[in-house]
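Inside the fold
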Amino acid sequence: MIELENVAYSYGGGELLSDVSLQLQAGSFHFLTGPSGAGKTTLLKLCYGALVPTAGHVTLFGADRREMDRDDIAMARRRIGVVHQDCQFLDHLSVHDNIALPLTVSGRDLLAEQANLKELMTWVGLKERTGALPPELSGGERQRAALARAIIMSPDAILADEPTGNVDWDMSQRLLRLLVELNRMGKTIVVATHDLALIRAAKSHVQTRVLRISNRRLQFAGADL
Amino acid sequence: MNLSPARFVEFVMGDAQADRCVPPTGFTASLTLFSAAAMAFLAVFALALSMATGRLADRWGSELARSSTIRISAPEGQLAAQTNAALRILETTSGVAASRALSRDEQRALLEPWFGPDLPLESLPIPQLIEVIEAEDGFDPDGLRLRLAAEVPGAVLDDHTRWRRPLVSAASGLRALGVLSVLIIAGATGAMITLAANAALAANAQVISVMRLVGARDRYIAQAFVRRFTLRTLTGAALGVVLGSVAILLLPAAQDEGGFLTGLGFQGLQWLWLLLIPPLAAAVAFAATQAAAVRTLKDMP
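As the structure is a prediction and not an experimental result, all values here were calculated from the model.

1. Section: the overall build of chain B
Broken down by element type, chain B carries 10 helices and four strands. Ordered by position from N to C terminus, the α and β elements of chain B give α-α-α-β-α-β-α-β-α-β-α-α-α-α. The contacts in chain B between residues at least 6 apart in sequence include a share of 83% that link residues at least 24 apart. Accessible area of chain B: about 15900 Å², with a carbon and sulfur share of 66%.

2. With respect to the pattern of salt bridges
Opposite charge on two side chains lets them pair, provided their charged atoms get close. If you walk through the whole model with that rule in mind, you get 12 salt bridges over all chains. Between Arg100(B) and Glu106(B) there is a salt bridge, with the nearest N and O atoms lying 2.8 Å from each other. The exposure class assigned to Arg100(B) is partly exposed, which follows from its relative accessible area of 37%. In this structure, Arg100(B) engages Glu131(B) in a salt bridge whose closest nitrogen and oxygen atoms are separated by 3.3 Å. A residue pair is termed long-range when its members are at least 10 positions apart, and Arg100(B) in strand S2 (residues 96-101) and Glu131(B) in strand S3 (residues 128-134) qualify at 31 residues. Glu131(B) sits in the partly exposed class, given a relative accessible area of 28%. Connected through shared salt-bridge partners, Arg70(A), Arg212(B) and Asp218(B) make up one network.

3. Brief notes about the domain arrangement of chain B
Taken domain by domain, chain B comprises domain 1 (5-61 + 165-299) and domain 2 (74-153). Computed from C-alpha coordinates alone, the two centres of domain 1 of chain B and domain 2 of chain B are separated by 54 Å.

4. Side note on the packing of helix H4 (residues 76-91) of chain B against helix H6 (residues 141-151) of chain B
All names here are of chain B. Put simply, H4 and H6 touch, their axes get as near as 10 Å, and they point 145° apart. In this structure, H4 meets H6 at a crossing whose hand is right-handed. Across from Ala-86, Ile-89 and Leu-90 in H4, the residues of H6 making contact are Leu-144, Arg-147, Leu-148 and Glu-151. Its residues assigned to classes, the contact of H4 with H6 comprises five nonpolar, no polar and two charged.

5. A few points about the sheet that holds strand S4 (residues 155-158) of chain B
All names here are of chain B. Read across the sheet, four strands follow the order S2-S3-S1-S4 without closing on themselves; strand pairing throughout is antiparallel. Of all the strands in the sheet, just S2 and S4 have a single pairing partner and so form its edges. Across this sheet, the average inter-strand angle for adjacent strands is 20°, counted without regard to direction. Both S2 and S3 contribute to a ladder of five bridges, which runs antiparallel. Bridge pairing in S3 places Val-96 opposite Glu-134. Contacting strand S1 (67-72) and S4, H6 runs over the sheet at an angle of about 170° to S4.

6. Quick word on the packing of aromatic side chains
Following the criterion strictly, the structure yields three aromatic pairs over all chains and no others. Residues Phe41(B) and Phe45(B) carry aromatic rings whose centres are separated by 5.3 Å and whose planes lie at 45° to one another, so their mutual orientation is tilted. On the criterion of helical spacing, the pair formed by Phe41(B) and Phe45(B) is a turn pair, its members being four residues apart in helix H3 (residues 26-65). Phe41(B) gets classed as partly exposed once you look at its relative accessible area, which sits at 29%. Accessibility expressed as a relative area gives 24% for Phe45(B), which makes it partly exposed. Taking 5.0 Å as the distance between ring centres and 50° as the angle between the ring planes, the aromatic pair formed by Phe266(B) and Trp271(B) counts as tilted. Phe266(B) gets classed as buried once you look at its relative accessible area, which sits at 8%. According to the relative accessible area criterion, Trp271(B) is partly exposed, its value standing at 27%. Seen from the ring of Phe61(A), Arg79(A) lies directly overhead, with NZ or CZ sitting 3.9 Å from the centre. Positioned above the aromatic ring of Phe229(B) is the side chain of Arg232(B), whose terminal nitrogen or guanidinium carbon lies 5.2 Å from the ring centre.

7. Things to note about helix H5 (residues 114-123) of chain A
Residue and element names in this part refer to chain A. When H5 is considered as a whole, its buried residues turn out to be Leu-117, Leu-120 and Met-121. The buried residues of H5 occupy one face: seen down the axis, they fall within an arc of 100°. Among the exposed residues of H5, those oriented more than 90 degrees off its buried face are Ala-115, Lys-118 and Glu-119. Of the surrounding secondary structure, the elements contacted by the buried residues of H5 are helix H3 (95-99), helix H4 (101-105) and helix H6 (139-151). One or two residues past the end of H5 sits Gly-125, with phi positive at roughly 75°.

8. Focus on the pairing of strand S8 (residues 188-192) of chain A
Residues and elements named next belong to chain A. Here S8 lies mainly inside the structure; five of its five residues are buried. Residues Thr-188, Val-190 and Ala-192 point to one face of S8 and Ile-189 and Val-191 to the other, with burial holding for every one of them. Of the strand pairs in this sheet, strand S3 (residues 29-33) and S8 are connected by four bridges, and their pairing is parallel. Across the sheet, the residue bridging to Phe-29 is Ile-189, located in S8. Two strands pair when backbone bridges link them, and strand S7 (residues 157-161) and S8 are joined in this way by five bridges, in the parallel orientation. Counted as the bridge partner of Leu-159 is Val-190 from S8. Following the chain from S7 across helix H7 (residues 169-184) to the adjacent parallel S8, one finds a crossover that is right-handed.

Parameters and conventions
- Residues numbered from 1 in each chain as written.
- Chains lettered and ligands numbered in written order.
- Predicted model: local features only at pLDDT ≥ 70, side-chain atom pairs only at ≥ 80, totals over all residues.
- Heavy atoms only, no water.
- Helix = DSSP H or I, 4+ residues; strand = E, 2+ residues; numbered from the N terminus.
- Contact = heavy atoms within 4.5 Å.
- Areas by Shrake-Rupley, 256 points an atom, 1.4 Å probe, with all protein chains shown as cover.
- Salt bridge = Lys/Arg side-chain N within 4 Å of Asp/Glu carboxyl O.
- Buried < 20%, exposed > 50% of the residue type's maximum accessible area, 1.4 Å probe, protein only.
- Domains from an automatic or database assignment.
- Axes fitted to C-alpha atoms, helices over the stretch in contact; angles between N-to-C directions.
- Left-handed = near helix turned anticlockwise from the far one by under 90°.
- Nonpolar A, V, L, I, M, F, W, Y, C, P; charged D, E, K, R; others polar.
- Pairing = 2+ DSSP bridges.
- Phe/Tyr/Trp six-rings, centres within 6.5 Å; stacked < 30°, edge-to-face > 60°.
- Lys NZ or Arg CZ within 6 Å of the ring centre and 35° of its normal.
- Arc of directions from axis to C-beta.
- Right-handed = clockwise from strand over helix to strand, strands pointing away.

Structure (C-alpha cells):
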C-alpha cells in the first residue's frame, strides 16, 4: 500500500531522515514515536506524498512518488486520511462542511452522502456541533472533527500526527478507541506520538507495531515499551 | 483549463460547495469590482472616440473625395464671362458628373460663420465658386487645370486633395488610437486582475494547503478562484458600461458647429458594441486569473 525503501530526506542542508525503509500493509496498526524534532511529521509527510524523498523510493499504491504529478498525488490523498496535530480546518466553514470537504473536492454529491455524514458525526460525538465553526470547538472536538474528515472518504490508510497532543487523558482514550475501531474495520493506521502511555493502552486493544525514529533512522521498538 | 462548451456551462453554473471553500476576501473583491468598472467605463469612451472618428473619416472621405471647387478671381466685369467659360469647359470635361456656380446666397452662407449674416457681398471682391461633382471614374485634374489656365485665367481648381488627405489621415489615426486605447485598457485590466488574483491566492495559501490535503486537484482549486474573479469582473464591467453609456448619453448632442467632439458617441447599432465589453473583460479576467492560479499553485509546495 505505502512503501518506503532506503529513504532519506534532507532540508536546508541537514539530513532529517536517513535510510528509512517501511512497509505499511493493509490492516496494520503502527505507532511512530521519538523525541520532538526527530522527524515523525516528516516521515508521515513522506507517507502521504507531501514531500519527495531526496534519496530512496516512496511508493504510494504502486506508484513511485517521483513519477506522480499533482493530480496523481490528489488521487492518492483521497485514499489516505490525514489528521494533523493542528487539525488544519477552513475556519470560515462549519464543522459539517469541513468534515464534508473531501467529498466536496472529489465532486461527490453531498445530498446523497448526508446519511453517512450524520452517522459519522454521531460516531465521533459531534452531532450537536455540526453548525459550529472550528474556532468554537474544544481541543478534543477539533481532533475528533479532524478524524471524521480523515475517514469520510473511507480511505485505505489513516495517518495521524500527534492526534492526542492537545487533549486530556480521557479524550485521548476516546480517540484511541475510534482509531482501534477503524483498524478493526480493516484500515491501516499510523499514529505519530511521543505519548508512551497511549501506546501501552493501545497494545491492550490491538496488535500494534511500534517504530522509533532515533538519530535520523527508523528502528523497531517493542519490548521496552 | 480547456473550456469546452460543456465545461463552459459547468463553469458558469458553478459549484456552490466549491465556491464556499475559498473564503471571500473583501480587499481583492472590491479591487476587482472597482477596476473592472473603471476600465469598462474608460473602454466605453475609447470606443465612442473610435466610432466618432471613424464616422468622421468616412464622411470626410466620401463627401470630399468626389467634389472639387473652382475659384474664379477676376475683375468685376469679367467674372460672369469667366464663370460661364469655366462651366462650358466643365460640361465637356470627361469625368465631371455635374457642375454649377454657387449663388450669392450660398456664398454668403459659407462666409456667415466668420463675418455674420449681414455681409454686403456685392460690395466685396469675393471670388465666384463653382462646385464640381465627379463622375464615378473621376476626371483628370492636371488636364483640367491646363484647359482652365488657357481659357479662364482667373480660375483655380481645388480638388481638396491637399487638405482632405491629412484630415482623413488624422481621423483614421484617431480611430486607431481609440482601438489601441481599448487594447491597452484590456491589458491594464488583465494586469490588475492578475495582481488581485495573486494577492488572493497568497492570502489563501493555508486554504489551498488544506484543500490539497483532502485530495483537491489543482484544477479544482484554480477554478474556485478563476470563477470568482471572472464573475466579479463581469459584474464590474457591466456596471462600468452602464455608467459609461449614461455619461455618453448626457454629452451634448451632435451639432455641425461643434464638429466631431459633440458627436462623441454611438449611432444606431453601434450601441451593440458596448455589449461586448463585459464578456471581453470577463474573458481577460478568466485568462489572467487562470494563468496566475496555475503559476502560483505550481510554485506552492
